[in-house]
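Results of the structural survey
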Amino acid sequence: MAGNDASPALTSHQDRKVRGAWVWEETQHPPKRLRGGEDEESPRKLPKRKIVLLMAYSGKGYHGMQGVSAAGQVVSLKVWLIDDILNKINSHLPSHIRILGLKRVTGGFNSKNKCDARTYCYMLPTFAFAHKDKDVQDERYRLSTDTLQQVNRLLSCYKGTHNFHNFTSQKGPREPSARRYILEMYCEEPFEREGLEFAVIKVKGQSFMMHQIRKMVGLVVAIVKGYAPESVLERSWGEEKVDIPKAPGLGLVLERVHFEKYNQRFGNDGLHEPLDWAQEEGKVAAFKEQHIYPTIVSTERDERSMAQWLSTLPIHDFSATVLMASSPSAKVPSSLEGSEGDGDTD
């Protein structure tokens, strides 16, 4: 899950090699005594330090913290800070999983609990916004300025605090945890990849529930294409159950994990660095261009996940609603609370 305190193994299949290069606490043993009675000389132990790692990975073919790609995942753990530690870790990892940065943090820091907000991006072919009456699902489509403005007007409606119980299968309409705060959501200017036009939707929120982002995108697509009225957006925040389509998971990427309160308290104390990763921005951008975006583009071309999903939109009934009964049996176990805060997973 995104932002969890890391276990010693970064990937299950690389666990031994990583441990061989990174002197993990859990693998250490007391110094052995020689049979002759003389103590073997004990090496000086380095102090263990609490750190955070900035990680990036392509989500395809990888199952770990979450089922999506990440360009700015952050995990916290204690290690011995050996020389050239980042290069030694990366030398044992496949190219589509990289450690991009490391920072010292306070001893009690937990990357999941100290997170203030997360930013995700969702990359999709722009033909997803073509109106159903003149649907084009290939290289010919280009997003118009008017349609982009309509998309951004609808996305901006998500800003603020709303009841998102209809955007996940885990929450009832009267559960307090179904209310989530969205700081911003917008679609950037489109761009071309291999002759196909794409756009990136960015959303920053305090936390997200499972499938929430994909359903937020899915509903806006349905409205822009003309399958659903704009009124369904506001109606989805009420207690009635609304049928909301879930966009494909392919384009979802964890962009950044925010620690603004931590930075205010410790970022300028002279001992710790702020967790803003400004110096690593170039590495993050390069990783996206080399591993994440090409995977999304090639998979979309080969599997046509967006086009296939768009063909299912007519079966949704956006006018029908069912008043959900608020009963104890409708409440999900507490172990599922906030699971989407760690990634929009399947």
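Thresholds, definitions, all that
Within each chain, residues carry numbers counting from 1 in the order of the written sequence. It should be noted that, the model being predicted, local features are given only for residues of pLDDT at least 70 and side-chain atom pairs only at 80 or more, the latter also being counted only at that level, while totals for whole chains, interfaces and linings use all residues. With hydrogens and water set aside, each side-chain value is computed from the structure's full complement of heavy atoms. Definitions used for this entry: grid spacing 1 Å over protein atoms alone; cavity, a set of points where a 1.4 Å probe fits but cannot get out; pocket, an open set with protein on both sides within 12 Å along at least 5 of 7 lines; lining residue, one with an atom within 4 Å of a point. Grid points are joined across faces, edges and corners, and a volume is the space filled by probe spheres set on the points. Helix and strand assignments follow DSSP, with helices taken as H or I runs no shorter than four residues and strands as E runs no shorter than two, numbered in order from the N terminus. In this count, Pro and Cys sit with the nonpolar residues alongside Ala, Val, Leu, Ile, Met, Phe, Trp and Tyr, while Asp, Glu, Lys and Arg are called charged and the others, Gly among them, polar. Joining through side-chain atoms within 4.5 Å is the link that ties buried Ala, Val, Leu, Ile, Met, Phe, Trp, Tyr and Cys residues into a set, and such a set is a nonpolar core. Each residue is assigned to one of three classes by its accessible area relative to the maximum for its type, calculated with a 1.4 Å probe on protein chains only: buried under 20%, partly exposed between the two thresholds, exposed over 50%. It only takes one pair of heavy atoms within 4.5 Å for two residues to be counted as in contact. Stacked, tilted and edge-to-face are the three classes applied to pairs of Phe, Tyr and Trp rings, where Trp contributes its six-membered ring and a pair requires centres within 6.5 Å; stacked means planes under 30 degrees apart, edge-to-face means over 60, and tilted covers the rest. UniProt positions are given in the numbering used here, feature names are shortened, and annotations may be inferred rather than shown by experiment. pLDDT runs from 0 to 100 and stands for how confident the predictor is about each residue. A pair of strands is treated as paired once DSSP finds two or more bridges between them.

Side note on empty space enclosed by the protein
Counted according to the given criterion, the structure contains 1 cavity of 30 Å³ or more. Here the largest cavity defines a volume of roughly 50 Å³. Taken together, Y122, M123, L124, P125, P248, L250, G251, I296, E300, S305 and M306 make up the full set of residues lining the largest cavity. Elements represented by at least two residues in the lining of the largest cavity include exactly β4 (117-125), α7 (281-303) and α8 (305-310). Ranked by residues supplied to the lining of the largest cavity, first place goes to β4 with 4 residues. Per-class residue counts for the lining of the largest cavity are 8 nonpolar, 2 polar and 1 charged.

Quick notes on the nonpolar core
Of all hydrophobic cores here, the largest spans 91 residues; its most connected members are F129, Y158, I201, L219 and V221. The element best represented in this core is helix α4 (residues 212-225), accounting for 9 residues. Residue contacts for V221: discarding those within four places in its chain leaves L124, A128, F129, W309, L310 and L313.

A short note on the packing of aromatic side chains
This model, assessed by the stated rule, comprises 9 aromatic pairs. For the pair Y120 and F208, a centre-to-centre distance of 5.6 Å together with 90° between the ring planes defines the contact as edge-to-face. Remark: F208 occurs in the loop between β8 (196-205) and α4 and Y120 occurs in strand β4; sequence separation between them is 88 residues. For F208, a relative accessible area of 0% corresponds to the buried category.

Looking at the UniProt feature "binding site: substrate" (unreviewed entry) in the protein chain
Under the UniProt annotation, the feature "binding site: substrate" (unreviewed entry) is placed at Y120. The exposure class assigned to Y120 is buried, which follows from its relative accessible area of 0%.

Concerning the confidence of the model for the protein chain
Across the protein chain, pLDDT averages 82, with 78% of residues at or above 70. At the level of individual helices and strands, the protein chain shows its lowest average pLDDT in helix α1 (residues 15-21), which scores 39, and its highest in helix α3 (residues 145-156), which scores 98. This model gives residues 36-42 a pLDDT under 50, and the stretch forms 5 contacts once residues within four places in sequence are excluded. In this model residues 322-346 is a low-confidence stretch, pLDDT under 50, and it forms 61 contacts with partners more than four residues away in sequence or in other chains.

Quick word on the pairing of strand β2 (residues 69-80)
Extensive coverage of β2 is indicated by the burial of 11 of its 12 residues. The pairing of strand β1 (residues 48-57) with β2 spans 9 bridges and is antiparallel. Bridge pairing in β2 places V52 opposite S76. Bridge count for β2 against strand β10 (residues 252-258) is 2 bridges, and the pairing is parallel.

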